[in-house]
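An overview of the molecular structure
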Amino acid sequence: MKITDIMKERMSLSFEVFPPKADKPMEPLMEVLDQLYSVKPDFVSCTYGAGGTNAGRHMEICKAIADSDNDTIPIAHFTTIAATKDSVRSQMQACLDNGIDHVLALRGDIPQGWESTRGDFSHASELIGFLREEFGDKFAIAMAGAPEKHIEARTFEEDIAHLRMKQDAGADLLMTQLCYDVNHFETWMEKIRKAGVYLPIDVGIMPVLNKNSVIRMCLGMNGCSIPQPLAELISRHYNDTDEDFRKAGIEYTIRQVFEYMALGINGIHFYSLNKADAVLEICDGCGLTYRK
Ligand code: FAD
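Residues numbered from 1 in each chain as written. Predicted model: local features only at pLDDT ≥ 70, side-chain atom pairs only at ≥ 80, totals over all residues. Heavy atoms only, no water.

Taken together, 23 residues lie around the ligand, and Tyr 48, Asp 109, Asp 159, His 162 and Lys 166 are the ones closest in. In this structure, an oxygen atom belonging to the ligand sits 2.8 Å away from a side-chain N or O atom of His 150. Within the complex, 84% of the 980 Å² of free accessible area of the ligand lies under protein. Assessed atom by atom at 2 Å from the grid points, the ligand resides in the largest pocket. (Near = heavy atom within 4 Å. Polar contact = N/O pair within 3.5 Å; in protein donor to acceptor, adjacent residues only side chain to side chain. Areas by Shrake-Rupley, 256 points an atom, 1.4 Å probe, with all protein chains shown as cover. 1 Å grid on protein atoms, 1.4 Å probe; cavity = no way out; pocket = protein on both sides within 12 Å on 5 of 7 lines; lining within 4 Å. Sits in = over half its atoms within 2 Å of the grid points.)

What follows is about the sheet that holds strand 3 (residues 73-79). Taken in spatial order, the eight strands of this closed barrel run 1-2-3-4-5-6-7-8, and their pairing is parallel. This sheet shows a mean twist of 25° between the axes of neighbouring strands, independent of strand direction. Bridge count for strand 2 (residues 43-46) against strand 3 is four bridges, and the pairing is parallel. Looking across to strand 3, one finds that Ser 45 is bridged to Ile 75. Of the strands in this sheet, strand 5 (140-145), strand 6 (173-176) and strand 7 (201-205) touch helix 7 (residues 182-194), which is tilted by about 155° from strand 7. (Pairing = 2+ DSSP bridges. Helix = DSSP H or I, 4+ residues; strand = E, 2+ residues; numbered from the N terminus. Axes fitted to C-alpha atoms, helices over the stretch in contact; angles between N-to-C directions. Contact = heavy atoms within 4.5 Å.)

Tallied over the entire structure, the rule returns six aromatic pairs. An aromatic cluster is present here, built from Phe 185, Trp 188 and Tyr 260 joined pairwise through their rings. Sitting over the face of the ring of Phe 156, Lys 191 holds its NZ or CZ atom 5.1 Å from the ring centroid. The ring of Tyr 238 carries Lys 211 above its face, with NZ or CZ at 4.8 Å from the centroid. (Phe/Tyr/Trp six-rings, centres within 6.5 Å; stacked < 30°, edge-to-face > 60°. Lys NZ or Arg CZ within 6 Å of the ring centre and 35° of its normal.)

Turning our eyes to something else, we now look at the pattern of salt bridges. Applying the stated rule across the entire model yields 12 salt bridges. The salt bridge partner of Arg 107 is Glu 152, with a shortest N-O separation of 2.7 Å. Of the two residues, Arg 107 sits in the loop between strand 4 (102-106) and helix 5 (124-135) while Glu 152 sits in the loop between strand 5 and helix 6 (156-169), which places them 45 residues apart along the sequence. For Arg 107, a relative accessible area of 14% translates into the label buried. Put simply, Glu 232 and Arg 236 hold a salt bridge, and the shortest N to O gap is 3.0 Å. Here Arg 236 and Glu 232 lie together in helix 9 (residues 228-236), a separation of four residues that amounts to about one turn. In this structure Arg 236 comes out as exposed when scored by relative accessible area, which is 61%. Several salt bridges converge on common partners, so that one network encompasses Asp 86, Arg 89 and Glu 134. (Salt bridge = Lys/Arg side-chain N within 4 Å of Asp/Glu carboxyl O. Buried < 20%, exposed > 50% of the residue type's maximum accessible area, 1.4 Å probe, protein only.)

In structure tokens form, the structure reads like this:
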């Protein structure tokens, strides 16, 4: 079963996890996965460290998801950073050998001090095209999209044209960067549809759990905006205890998920940050636990 088949029937539910550092045990993440399986997610995606330093662990996690009895599809993130055609060929074959046939094909963030990807691919579209050429339809391929524009793109039009290139290179599904501004997201969705990007859209939801994390994620990393209602929430709860802020943030996130659902998106993808409790509370508040 491919995720895109599921999305033809209904909205999908999924989570993102990340591998532990090389010197840390795997068990805590396996416990998080066990908790996440309780809502029967359609898929769980696992991030890939730029430069591939934890690539082995990322494969191990995706294999554990594939081997579990939960009907949950693993998606392996994969980046072009320092990737050669040969290394991609062998890692993708290893994915197939481990029962992993969904991949999120990314360029990856260029490491500090590097001028390029230092590999055979400069952009995600080239990786996607290569995967299609080499592996035909063996993989379902997801691509990334930034509703508030990728930080390096000069204009929205340019960024949307590059999205279209990824679709035309063979991507099956669009997974988005966090976007707290749902009105802006709606405008972006109309623009990409007008530009001929017709792929199903899986919305990345970054739960609001901690004010410093929200500020860092939006302003410190991704060039994303903090819309007025979220700014107001942060101001109102600025001096709250962590627990009180988290409670207000969870309520805010639940409302936001409903707003996204009302746009008719194809999937909700929670960035779990390897913390099951908060995302499961949000799922519960949104009625996404009906599959239990
Ligand atoms: P691209 O599509 O290649 O785009 C990058 C930039 O280049 C954009 O500005 C685009 O407009 C421009 N561009 C694209 N094609 C061309 C072209 N032909 N000519 C000129 N310019 C072009 N990063 C990780 O390292 N590991 C992860 O696991 C990871 N997971 C992610 C999951 C999701 C859901 C998302 C949304 C992002 C994730 N990222 C991850 C971050 C991602 O790698 C970065 O956003 C990266 O900077 C861009 O990746 P991309 O695939 O969108 O690149």
